[in-house]
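Tertiary structure, described
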Amino acid sequence: MRIHEFQAKHLLARYGLNVPAGSVAISTGEAGDIARELGGPVVVKAQIHAGGRQRAGGIQPADGPAAARAVAGRLLGTSLVTAQTGPGGQKVRRVLVEAAIAAERELHIALLIDTSSGEVMLIGSARGGVDIEEQAARGEIRLNRLVLGSGSEARAQEVAAFVMALGLEGALCEQGCALIDGLRRAFVELDASLIEINPLALTAAGSLVALDVKMMLDDNALFRHPELAALRDEDDTSAAELQAQRHQLNYVQLDGNIGIVANGAGLGLATLDMLVAAKGRPANFMDIRTTANSLDIAQGFRLLLDNPATRAILINVHGGGMQPCDTIAEGLGIALRRSGRSLPLVVRLAGNNADFARSRLQNFGCAVVDCPDMWTAASQAVALSQKGA
Amino acid sequence: MAVFLNRETRVLCQGMTGWAGTYHVARMMEYGTQVVGGVTPGKGGRSHLNLPVYDRIADARRETGANASIVFVPPANAAAAMIEAIEAEMPLVVAVTERIPTLDMVRVRSALKGGRTTLVGANSQGILVPGVGKLGVMATGGERPGGVGIISRSASLTSEVVAQVTAAGLGQSTTIGVGGDPIHGIGMRECLERLLDDADTECVVLIGEIGGTEEEEAAEYLAGVRTSKPVIALIVGLAAPLDRRMGHAGALALSGKGDAAGKIKALEAAGVRIAPSAHLIGETVRQALAERAGIPAIQRNAGML
C-alpha cells in the first residue's frame, strides 16, 4: 500500500527524520493560512500516489500566503497528469504546504527489501533529484548498495562507510548514520516495503532534510498495524480495484477491450501474453486467489461485465487442489444471472473438475465458447471481440 | 531416487487441525504420502485424522521420527511455525500459507542460515513426485511418472505444464513450487542444481515470471556448469505493463532487473531453450528430448563431468 508524502513524513519524523515544517490543506484558504503561519517562501505540493509531479507542475513555489492560495487553487480539484499516472491523471484532493528549503546539495537514499539476499537493503547516491531513474539507467550516477539486515544491530562501520561514500564527512557522517538508523527502525517497525527519500537536501546550515518521501507499506502486514491500515486513501484506488481487493482478486485495469480472468498470477500473466500475441487488447488483468469463493468470483466477473469497454471475456482456468474449475464456473453463472449484459465468453477449462464445471455452466444456462487449449481460446476471444465492434 | 521426497519421507503437518490442513493432509495420505502426525499448539494429546497431535514440533519429531513438515498455519503465525521447525532441525519444511508479511520471511531466512533445513515456499503449492507422494496442495490426476523435472513460481502454471508434458507422452520426475512471494526459502538455482544431479530427471523445465532475479541467478549457474540435460524455460509477463507495478516507486526500478525480456536473454545465453508460448511448453520439451536422443552416448557422458 502506497501512502501519501505528508503521511510518510509525519510517520518518519517520529523516527528522527528532519522534514520541512508544514501541513496539509484541502482548501485554498487552509493553504494560505498554513503559509502565513510558516512565514517566508513556501512550496505547495500536490498529494497524489504517483511520481513525476515536479515536471508535471504538481510542485510549485509560492512567496507568501496569497501566492500559496493561488497555487493551491490551481492544483486542488484538477487531475494531475504525470509520466506515472496514465493519461487520465490523478485528482488532487490535498496539497502539502511546506517551508521552502534551499539545498546546497541533493542526495538520494532508499531502503527496500532485496529479494536476492532476503534482507533489508540500503541504496544511496551522492546525487539526487528528479532525473535519478534516467541518470541511473544511463549509468551517469553511481548507486551504492548495502545489505543492512533486519536485526536490531545495524553494522555501524559499514553504515559509516556508506554515508561517507555519499560525501558526508565528520559531523555530517554522524548525522547521516543517525538518519539511516532511524529509517531502518521505521522500516522494520512499520512493516514497510519501501522508503525512498529523494531528494535529501544538505542545507547551508549543515543539516540533512528530507524534501520528498515515497513510502510503501506491506499489505500483508497491515493486520498488525490497524493505525497504518487507516492511512489507505480509498479515493486514489480505482473503485474496481478496491472492490477486487475485498473479494480476494488481483485486478489491474488496462485500456483494451477483452476481459481476462485466470486462476493464479502465473497463468494470468501467460494469458495476457498470449492474448497480446494473438493481437488482442486486454481490458484488464484479473487473477483469482485460491481463497476466493464463488460469490467473490461472481463480483470479479461483475467488474468485467460493468466495464463498458469490454467486448469479450477470456476465461482461462487450470483447476488446482485449492480451487477446482467448478467454483469459478459457479461464480461466472451467478454474475451472468445478476447482470443483464451478454458478451461473448470464451472459456478454457482444464485440470481439477473441468467436466463438472462445464455441466455447471450448462445448468446456469451460460452460452460459452469452450476451447480445448489456451491458444485457441485467446484467438477466439480476439475474433469475437472484433465481430462485436 | 526422486528429489526432496521419497517413500521413506515421514511427514508432520503444522496446523493440521485447521480446515486446510485437515483437507489437504487427507488428500496427501490418499496419494500415498506417509503422514505421521500433526502439530497445533494447545491441541497436543488429541488425535486428528487418526494421527497423533502434538503441541511442539520438537516433541513430535522425536516421537514420530518425522523428517519433513508441511505448514498450513495462518499468516500471522506462519513464520513462527517455520522458525520452530528450523530450530527443531527438520530437514525439509514446505510452507503453503499465502500472504505472510515480507519482513517475517526475512526473519525466517535469517533463521535458515547455518541450519540444516531446506525450506520450500512459503506460498508454494509444494512438491509432487508422481506415483510416490505429494507434499503439497496440488491437484493430481494429470501427472505421470517420468523424467521431466519442473521448477516453478506459479502453482497454476505448474498444473498447466504438468498436463502438457503428460499430453506430449512424457512424465514428471519431481515438480516443485519455490513460491510466489518475493522472499522465500529454496530458490530456482538450488532446485535446478538438485534436479540436474538427480538420476531420475532427464530434463528440467523452469517456469519463471517478471520480477525478482531468480531466473537470472539460475542462468548464471547454468552458464558455469556442464550438463547434458536439456533445460527449457517459460517466462511469462512479457506483455505486462511494468510501469503499473514498478512505476509507483523509482527505487524499485533502480534495483534493476526483473523484466521478462532480460530474463529470456540471460537464460538463452546460458543455453536454455525458451518455449515460444505457454501453450507450446509440452511440445518444446518433447523436441528438446528428441534432439538430445540423437547425440551419441559417449559425448553425452563427457558432458556430464
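Provided above is the structure to which this section pertains.
Keep in mind that what you see is a predicted model, and the values were worked out from it rather than measured.

A tally of regular secondary structure across chain B gives 12 helices and 14 strands. What you see for chain B is a C-alpha radius of gyration of 20 Å, in line with the 19 Å of a compact globule of 305 residues. Expressed along its principal axes, the backbone C-alpha trace of chain B runs to roughly 60 × 50 × 35 Å. For chain B, the accessible surface area stands at approximately 11900 Å², while carbon and sulfur atoms represent 51% of it. Computing the positive centroid from 29 side-chain charges and the negative centroid from 30, chain B places the two 1 Å apart.

So, on to the overall build of chain A. When helices and strands are tallied, chain A shows 13 helices and 19 strands. With the C-alpha coordinates aligned to their principal axes, the bounding extent of chain A is approximately 75 × 50 × 40 Å. With 389 residues in all, chain A has 56% of them scored as buried. Within chain A, contacts between residues separated by at least 24 positions form 69% of all contacts whose residues are at least 6 apart in sequence. Within the structure as shown, chain A displays about 15600 Å² of accessible surface, and the carbon and sulfur contribution to it stands at 51%. Here chain A contributes 36 positive and 41 negative side-chain charges, whose respective centroids are spaced 6 Å apart.

Each side of the interface is counted separately: chain B has 52 residues, and chain A has 58 residues. When chain B packs against chain A, close to 4300 Å² is buried across both sides, 60% of that on carbon and sulfur atoms. Arg224 of chain A serves as the salt-bridge partner of Asp104 of chain B, at 2.8 Å between the closest nitrogen and oxygen. Applying the counting rule to chain B against chain A returns 16 residue pairs in polar contact (both at pLDDT 80 or more). Where the side of chain B that touches chain A is concerned, the elements lending two or more residues are α1 (19-30), α4 (102-112), α5 (155-167), β13 (231-236), α8 (242-246) and α9 (250-254) of chain B.

Residue and element names in this part refer to chain B. One open sheet holds the 7 strands; their spatial order is β9-β8-β11-β10-β12-β13-β14, and the pairing between them is mixed. Single-partner strands in this sheet number two, and they are β9 (133-136) and β14 (273-274). Pairing of strand β10 (residues 145-152) with strand β11 (residues 172-177), which is carried by 5 bridges, proceeds in the parallel orientation. Bridge pairing in β11 links Ile150 to Thr175. Against the sheet, helix α6 (residues 188-196) makes contact with β10, β11, β12 (203-209) and β13, and its axis sits at roughly 165° relative to β10, the strand it touches most. Strand contacts of helix α10 (residues 260-269): β12, β13 and β14, with the helix running at about 170° to β13, the strand carrying the most contacts.

As a further point, take the packing of helix α3 (residues 75-87) of chain B against α4 of chain B. Residues and elements named next belong to chain B. Direction vectors running N to C along α3 and α4 enclose 0°, while the axes themselves pass 9 Å from each other. For the element pair α3 / α4, the angle class is roughly parallel. Residues Ala79, Met82, Ile83 and Ile86 of α3 touch α4, and the partners they reach there are Asp104, Met105, Arg107, Val108, Ala111 and Leu112.

What follows concerns the environment of Ala298 of chain A. Residues and elements named next belong to chain A. Residue position: Ala298 is located in helix α10 (residues 294-306). We classify Ala298 as buried; its relative accessible area is 1%. Separated by 249 residues in sequence, Ala298 and His49 place their C-alpha atoms 29 Å apart. Here Ala298 is in contact with Gly331, Ile334, Ala335 and Arg338, once residues within four sequence places are set aside.

With that settled, consider helix α2 (residues 57-64) of chain B. Residues and elements named next belong to chain B. For α2, the full list of buried residues reads Ile57, Asp59, Ala60 and Thr64. Projection of α2 onto a plane perpendicular to its axis shows the buried side chains occupying an angular sector of 160°, all on one side. Directly after α2, the chain includes Gly65, whose backbone phi takes a positive value near 70°.

So, on to the nonpolar core. Most often, soluble globular proteins keep nonpolar side chains buried together rather than apart. Ranked by internal contacts, the top residues of the largest apolar core, which has 89 residues, are Ile70, Ile127, Leu135, Val148, Ile151, Leu192 and Val285 of chain B. In this structure, Val148 of chain B is in contact with Val165, Leu170, Gly171, Gln172, Ser173, Thr174, Cys203, Val205, Val285 and Leu289 of chain B, ignoring residues within four places of it in sequence. Judged by nonpolar contacts, the second largest core, of 70 residues, contains Leu111 of chain A together with Val39, Leu103 and Met105 of chain B.

Bringing the side chain of Asp191 of chain A into the picture now. Structurally, Asp191 of chain A can be placed in the loop between α6 (171-189) and β11 (192-202). Among the polar contacts made by the side chain of Asp191 of chain A, one reaches the side chain of Arg224 of chain A at a distance of 2.9 Å. Leave out the neighbours within four places in its chain, and Asp191 of chain A touches Ala186, Leu217, Asp218, Ala221, Arg224 and His225 of chain A together with Leu103 of chain B.

Overall, the coordinates contain 30 salt bridges over all chains when judged by the stated rule. With its nearest N and O atoms 3.2 Å apart, the salt bridge here joins Asp233 of chain A to Arg94 of chain A. Linking Asp233 of chain A in the loop between α7 (226-229) and α8 (239-246) with Arg94 of chain A in the loop between β6 (90-91) and β7 (95-99), this pair joins segments that are 139 residues apart in sequence. According to the relative accessible area criterion, Asp233 of chain A is buried, its value standing at 7%. One salt bridge in this structure joins Glu190 of chain B and Arg194 of chain B, with 3.6 Å as the shortest N-O distance. Placement of both Glu190 of chain B and Arg194 of chain B in helix α6 is noted, with a separation of 4 residues, approximately one turn of the helix. Under the relative-accessibility criterion, Glu190 of chain B is labelled partly exposed at 36%. Connected through shared salt-bridge partners, Glu5, Lys9, Lys45, Arg53, Glu98 and Asp212 of chain A make up one network.

Let us look at the sheet that holds strand β5 (residues 68-71) of chain B. Residues and elements named next belong to chain B. Pairing within the open sheet is mixed, and its 7 strands lie in the order β3-β4-β2-β1-β5-β6-β7. Each edge of the sheet is formed by a strand with only one pairing partner; in this case those strands are β3 (47-48) and β7 (118-120). Sitting on the sheet, α2 is in contact with β1 (10-14), β2 (34-39), β4 (51-54) and β5, with an inclination near 155° to β1.

What follows covers unusual backbone geometry. In this structure, the amide linkage connecting Asn198 of chain A to the following residue, Pro199 of chain A, adopts the cis form with an omega of 0°. Its location among the elements puts Pro199 of chain A in strand β11. Going from Gly121 of chain B to Ala122 of chain B, the amide bond is cis rather than trans, its omega being 20°. Among the structural elements, Ala122 of chain B can be located in the loop between β7 and β8 (126-129). If you check the backbone angles, Asn353 of chain A has positive phi at about 60° while not being a glycine. Residue position: Asn353 of chain A is located in the loop between β18 (345-351) and α12 (354-363). In the Ramachandran plot, Phe4 of chain B falls in the positive-phi region, its phi being about 75° despite a non-glycine side chain. Among the structural elements, Phe4 of chain B can be located in the segment before β1.

Calculation notes
- Residues numbered from 1 in each chain as written.
- Chains lettered and ligands numbered in written order.
- Predicted model: local features only at pLDDT ≥ 70, side-chain atom pairs only at ≥ 80, totals over all residues.
- Heavy atoms only, no water.
- Helix = DSSP H or I, 4+ residues; strand = E, 2+ residues; numbered from the N terminus.
- Rg over C-alpha atoms; globule rule 2.2 N^0.38 Å.
- Areas by Shrake-Rupley, 256 points an atom, 1.4 Å probe, with all protein chains shown as cover.
- Lys, Arg positive; Asp, Glu negative; His and termini not counted.
- Charge placed at Lys NZ, Arg CZ, Asp CG, Glu CD.
- Buried < 20%, exposed > 50% of the residue type's maximum accessible area, 1.4 Å probe, protein only.
- Contact = heavy atoms within 4.5 Å.
- Buried area = accessible area lost by both parts, 1.4 Å probe.
- Salt bridge = Lys/Arg side-chain N within 4 Å of Asp/Glu carboxyl O.
- Polar contact = N/O pair within 3.5 Å; in protein donor to acceptor, adjacent residues only side chain to side chain.
- Pairing = 2+ DSSP bridges.
- Axes fitted to C-alpha atoms, helices over the stretch in contact; angles between N-to-C directions.
- Parallel < 35°, antiparallel > 145°, perpendicular 65-115°, else oblique.
- Arc of directions from axis to C-beta.
- Core = buried A, V, L, I, M, F, W, Y, C linked by side-chain atoms within 4.5 Å.

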